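# What the coordinates show
Each chain, written out:
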Amino acid sequence: MTDADSRSYRMLQTLSVASDVIEVLTARDGATITELADQLDLSKSSAYRYLKTLEELGYVTCTDGCYELSYQFLLLGEYTRNTSELYQVGKSKVDDLAAELGHYAHLVTEADSYGVNLHQATGEEATDYDYQAAKLQQRDPLHVTAAGKAILAHMSSERIEAIVESSTFEQRTKNTITDRERLYDELEAVRQQGFAHNDEEEIKGFRAIGAPIRDHEDRVLGSVSVSAPTSYLSGDAFTDDVPDLVLETANVIEVDFNMTQKQNSITGVS
């Protein structure tokens, strides 16, 4: 290994550990030097150096010995979300859907084989549910949500197989799908009917409907979903009425997205 290769390797190691530090601070809502060192199997001096470097760069703050992520991540996250064309096109439609139904509506995309919420809208009748309030701060395995299954079902067969075969099938409730063959069967049903169900598979007492959003080449961009207590999403509301509205919203977003893409190609906007 040359000196340049050695430096590059050390730099990659440093970046990897720094990423791990950020993940720990996120998961724990902050940590002391000792807690971080124990979690990552680092010496206290190494943990201190990483934290102080991140603090000097403005990504970490320290209060009474507890290190937390700074608002710099909020700025970065807002920039990333606001530059997403799917978010720009879909946000108002998801807001309208939540207002019409009175419950939660989500705009979701996929990143690193997980579902990521780009936007969550809350209708007037939506329950003040802590887990739903925190959804923008977490990512979900695709197999546990209606939005995730809607995305997964419309990926290429090679991508579906890679994600399914590498999945640990995290079980959130007794209804969560934990069997590969059952998931494959459900994904086929999603493709046939055009939308996905979540029947208390993520949260006990909550159901959801999700539909894919695709571009003009039929590539899946994300999904739109509605979630609500089982007392609301039952009977025809769960099987027909709400799915029709979710599909309609997904279709409107698709049309607007593809029109925007076409206009940008004509004007040369990248």
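All values reported here derive from a predicted model rather than from experimental measurement.

### Some details on the side chain of T109
- In this structure, T109 sits in strand 3 (residues 104–111).
- What T109 contacts, discounting residues up to four positions off in sequence, is L86, Y114, G115, V116, L118, I151, L221 and G222.

### Side note on helix 8 (residues 157–166)
- Inspection of helix 8 places I160, I163 and V164 among the buried residues, and these make up the whole buried set. Viewed along the axis of helix 8, the buried residues span an arc of 95°, placing them on a single side of the element. Across from the buried face of helix 8, at angles greater than 90 degrees, the exposed residues are E158 and S166.
- On the buried face of helix 8, the contacting elements are helix 7 (146–153) and helix 9 (180–193).

### Here's the deal with a negative patch on the surface
- Among the surface-exposed residues, D96, E100, D236, D240, D241, D244 and E248 lie close enough to one another that they form a single negatively charged patch.
- Where the negative patch is concerned, the elements lending two or more residues are helix 5 (85–101) and helix 10 (236–267).
- Here the negative patch takes five residues from helix 10, the largest share from any one element.
- Structurally, D240 can be placed in helix 10.

### A word on the sheet that holds strand 6 (residues 196–199)
- Taken in spatial order, the six strands make up an open sheet running 5-4-3-8-7-6, and their pairing is antiparallel. Of all the strands in the sheet, the pair left with one neighbour each is strand 5 (139–141) and strand 6. On average, each strand axis in the sheet is tilted by 30° relative to the strand beside it, whichever way the strands run.
- Inspection of the sheet shows strand 7 (residues 206–214) paired to strand 8 (residues 220–229) by nine bridges, in the antiparallel sense. In the sheet register, I209 faces strand 8, and the bridge partner there is V226.

### A closer look at the packing of helix 7 against helix 9
- Where helix 7 contacts helix 9, the axes come no closer than 9 Å and their chain directions differ by 80°. When the interaxial angle is binned, helix 7 and helix 9 end up roughly perpendicular. Listed contacts from helix 9 to K149, A150, L152 and A153 of helix 7 are L183, E186, L187, V190 and R191.
- Residues of the contact of helix 7 with helix 9, tallied by class, amount to six nonpolar, no polar and three charged.

### Quick notes on the nonpolar core
- In this structure, V242 and V246 are the most contacted members of the largest nonpolar core, which totals 26 residues.
- When residues of this core are traced back to their parent elements, those giving at least two are helix 5, strand 3, strand 4 (114–122), strand 7, strand 8 and helix 10.
- The contact partners of V242, leaving out residues within four places of it in the chain, are L101, I209, V226, Y232, L233 and A237.
- Within the second largest apolar cluster, 19 residues are counted, among which are A146, I177, V190 and A208.

### Looking at a nonpolar patch on the surface
- A cluster of nonpolar side chains, namely M11, L12 and L15, defines an oily patch on the protein surface of about 350 Å² accessible area.
- In this structure L15 comes out as exposed when scored by relative accessible area, which is 54%.

### A look at the packing of helix 8 against helix 9
- Between helix 8 and helix 9, whose axes approach to 11 Å, the crossing angle comes to 145°. The hand of the helix 8/helix 9 crossing is right-handed. Where helix 8 abuts helix 9, its residues I160, E161, V164 and E165 lie against R180, L183, Y184, L187 and R191.
- Its residues assigned to classes, the contact of helix 8 with helix 9 shows five nonpolar, no polar and four charged.

### Describing the pairing of strand 7
- The buried fraction of strand 7 is high, at eight of nine residues.
- By the bridge criterion, four bridges tie strand 6 to strand 7 in an arrangement that is antiparallel. Opposite N198, over in strand 7, you have A208 as the bridge partner.
- A loop of five residues connects strand 7 with strand 8, the two strands running antiparallel in sequence, and D218 in this loop sits at a positive phi of about 70°.

### Re the environment of L101
- In this structure, L101 sits in helix 5.
- A relative accessible area of 9% means that L101 is categorised as buried.
- Spatially, the C-alpha atoms of L101 and E125 are 8.3 Å apart, while their sequence positions differ by 24 residues.

About the cut-offs
Residues numbered from 1 in each chain as written. Predicted model: local features only at pLDDT ≥ 70, side-chain atom pairs only at ≥ 80, totals over all residues. Heavy atoms only, no water. Helix = DSSP H or I, 4+ residues; strand = E, 2+ residues; numbered from the N terminus. Contact = heavy atoms within 4.5 Å. Buried < 20%, exposed > 50% of the residue type's maximum accessible area, 1.4 Å probe, protein only. Arc of directions from axis to C-beta. Patch = residues over 30% accessible without salt bridge, like charges linked within 9 Å, V, L, I, M, F, W, Y side chains within 5 Å. Areas by Shrake-Rupley, 256 points an atom, 1.4 Å probe, with all protein chains shown as cover. Salt bridge = Lys/Arg side-chain N within 4 Å of Asp/Glu carboxyl O. Lys, Arg positive; Asp, Glu negative; His and termini not counted. Charge placed at Lys NZ, Arg CZ, Asp CG, Glu CD. Pairing = 2+ DSSP bridges. Axes fitted to C-alpha atoms, helices over the stretch in contact; angles between N-to-C directions. Parallel < 35°, antiparallel > 145°, perpendicular 65-115°, else oblique. Nonpolar A, V, L, I, M, F, W, Y, C, P; charged D, E, K, R; others polar. Core = buried A, V, L, I, M, F, W, Y, C linked by side-chain atoms within 4.5 Å. Left-handed = near helix turned anticlockwise from the far one by under 90°.

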